[in-house]
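Here is what each chain is made of, one letter per residue.
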Amino acid sequence: MTPADVHTLVGAYVLDALDSDERSAVEDHLEACTACADEVAELRAVAAELAADAAEAVPAALRSAVMAQVAVTRQLPPALRRLEPAAVAPTAVAPTAVAPTAVAPTAVPPVEAARRPRRWPRPLTAVAAGLVAVSAGLGAVVVDQQTRLDTARQQSEVLDALAATTLDSPASSPVAGGGRLAVIGARDAAAGVALVVARDLPDLPEGMVYQLWLVGAQAPRPAGTLVGGTGSTDHLVPTSATDTDIALTVEPAGKALQPTLPLLVSVPLRV
Amino acid sequence: MRAEDSPPPIRLVPAHDPPLSADVLLQRVARGDQQAFAALYDLVAGRVYGLIRRVLRDPAQSEEVAQEVFVEVWRAAARFDGTRGGALGWIFTIAHRRAVDRVRSAQAAAERERRAAVLDPRDDDRGYDEVFEQVETRLEHERLRNCLGGLTEVQQESITLAYYRGYTYREVAELLDVPLGTVKTRMRDGLIRLRDCLGVA
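Residues numbered from 1 in each chain as written. Chains lettered and ligands numbered in written order. Predicted model: local features only at pLDDT ≥ 70, side-chain atom pairs only at ≥ 80, totals over all residues. Heavy atoms only, no water.

(A) The arrangement of the interface of chain A and chain B in detail. Opposite the 73 residues of chain A that make contact, chain B presents 69 residues. With both sides pooled, the region where chain A packs onto chain B buries about 6,400 Å², and carbon together with sulfur makes up 56% of that total. Two residues, Arg 53 of chain B and Glu 56 of chain A, come together in a salt bridge whose shortest N-O distance is 3.7 Å. Connecting chain A to chain B are 26 residue pairs in polar contact (both at pLDDT 80 or more). Broken down by element, the side of chain A that touches chain B gets its largest block of residues, 16 residues, from helix H4 (residues 34–52) of chain A. Each residue belonging to the side of chain A that touches chain B can be placed in one class, and the counts come to 39 nonpolar, 15 polar and 19 charged. (Contact = heavy atoms within 4.5 Å. Buried area = accessible area lost by both parts, 1.4 Å probe. Salt bridge = Lys/Arg side-chain N within 4 Å of Asp/Glu carboxyl O. Polar contact = N/O pair within 3.5 Å; in protein donor to acceptor, adjacent residues only side chain to side chain. Helix = DSSP H or I, 4+ residues; strand = E, 2+ residues; numbered from the N terminus. Nonpolar A, V, L, I, M, F, W, Y, C, P; charged D, E, K, R; others polar.)

Structure representation (structure tokens):
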């Protein structure tokens, strides 16, 4: 199926009016074509209006059945397609003024429990990333951990630990309007991932979100959203070699094509 | 008395915090918050079930599919990005796709063949005209009804047959006796016209 053919199927795709082969072909194309993916996202919002129109009284038994099943259902972790699992030499958590070095994957034996903060889960296998916290010129916090990140709950525990440590340190930045934000970056030879953590961002009006942006050689591109309110919020962002900074703005939900000034904060991805 | 001399207007403070949006709730669900999930369920279950029911008709199957949809929302919440559309759109996309997949798999091969032989859409025992009566009586939003009314006949019929009945574009082309290319184009430009009329995206 040529890209031209796929373009003509966008409307039918959004309406789920394709057979499974055609649907797969369109989805393959969407991974490669940002313009098409943007159009699909726009038209999906229209389909959502078609859906949202009708509400019906829901059988009471459905709620209890759903809650019971959810209680025993494992959640998927966020998709990290570009992060390769790698075992990394562990070091203690310590703020330093040294520029971060690229973390290369090396095989290491499992870490003794004493080297890791107690609340992090015991690793079952060595799947880890070396993580470097980057501040706006104040130095770097080097954090390493080895843990099995295959459940949302375990990821959540690790994220909580990292977020708290980093947000409390000089490696975090104040956000205009309230709150603090920090970027914890990992880089391997081919690509990177940044963990953006924030805390105490003010609540936003209905329909508005905190939008993250990747800034660099290319035009700023959307990189996920954060929520306001007390407590911490975070988002894992795959980064490319040409990205230099992460920025935060407030945008209408689902409509961000380019940042609406002012930037609430901008943090470099590397020192 | 000038406006600036007036006392500030009295602000009514709600007794409870305003309900959280689907977007906020879904972010919390992504981190394992089951209370947020329950709140999200209460927020959208009526619309999710209603949408599935409209496509599937059968209440028991609709309940099954609705359960699958909500469990999938729980399971995949951390995969939702938020950049390309909001939480509601994501949830409805899951619900609609599952309803459509179920309604197609439920059709016996014989019924498919029979429908393919139908020349007059009104002979289809699903009741072609019934589609619009049902959509009309269930439409509570004036805005949506007006915007649908602003589409051409083929645009409107293509979209409603596909979205509310689960027909593929090929089946729609047969039912409407319209070329495949035309149906594909009308679905897309009909959605675009709806988008402009509704002021979404």
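That covers the picture; the talk isn't over yet.
(B) Spatial organisation of the confidence of the model for chain A. Taken as a whole, chain A shows an average pLDDT of 69; of its residues, 65% reach a score of 70 or greater. With pLDDT under 50 throughout, residues 81–150 of chain A is counted as low confidence; its partners more than four residues away or in other chains account for 140 contacts. (pLDDT = per-residue confidence, 0-100.)

(C) Spatial organisation of the pattern of salt bridges. Taken as a whole and assessed by the stated rule, the structure comprises 18 salt bridges over all chains. In this structure, Glu 42 of chain A and Arg 195 of chain B form a salt bridge, with 2.5 Å as the shortest nitrogen-oxygen distance. Linking Glu 42 of chain A in helix H4 with Arg 195 of chain B in helix H10 (residues 180–198), this pair reaches from one chain into another. Residue class for Glu 42 of chain A comes out partly exposed when judged on its relative accessible area of 27%. The salt bridge partner of Asp 42 of chain B is Arg 63 of chain A, with a shortest N-O separation of 2.8 Å. (Buried < 20%, exposed > 50% of the residue type's maximum accessible area, 1.4 Å probe, protein only.)

(D) Main features of the environment of Gly 181 of chain B. In this fold, Gly 181 of chain B is placed in helix H10. Residues Gly 181 of chain B and Arg 170 of chain B lie 11 residues apart in sequence; the distance between their C-alpha atoms is 9.6 Å.

(E) Quick look at helix H3 (residues 20–32) of chain A. Taking 1.5 Å per residue, 13 residues should reach 18 Å; H3 of chain A reaches 19 Å between its end C-alpha atoms and fits that length. Listed in full, the buried residues belonging to H3 of chain A are Glu 22, Arg 23, Val 26, His 29 and Leu 30 of chain A. Down the axis of H3 of chain A, the buried side of the element spans an arc of 125°, and every buried residue falls inside it. The exposed residues of H3 of chain A that point more than 90 degrees off its buried face are Ser 20, Asp 21, Asp 28, Glu 31 and Ala 32 of chain A. Buried residues belonging to H3 of chain A abut helix H1 (3–8), helix H2 (10–14) and H4 of chain A together with helix H4 (87–105) and helix H9 (169–176) of chain B. (Expected span 1.5 Å × (residues − 1). Arc of directions from axis to C-beta.)

(F) Representation of the pairing of strand S8 (residues 221–226) of chain A. All names here are of chain A. Of the strand pairs in this sheet, strand S7 (residues 208–216) and S8 are connected by four bridges, and their pairing is antiparallel. Note that in S8 the partner of Trp 213 across the bridge is Pro 222. Linking S7 to S8, which pair antiparallel, is a turn of four residues. (Pairing = 2+ DSSP bridges.)

(G) Quick peek at the state of the cysteines. Residue and element names in this part refer to chain B. Enumeration according to the criterion identifies one disulfide over all chains in this entry. With a sulfur-sulfur separation of 1.9 Å, Cys 147 is cross-linked through a disulfide to Cys 197. Taking the torsion about the sulfur-sulfur bond, which here is approximately -80°, the covalent link between Cys 147 and Cys 197 counts as left-handed. Note that Cys 147 is positioned in helix H7 (residues 142–149) and Cys 197 in helix H10, a separation of 50 residues in sequence. (Disulfide = S-S within 2.5 Å.)

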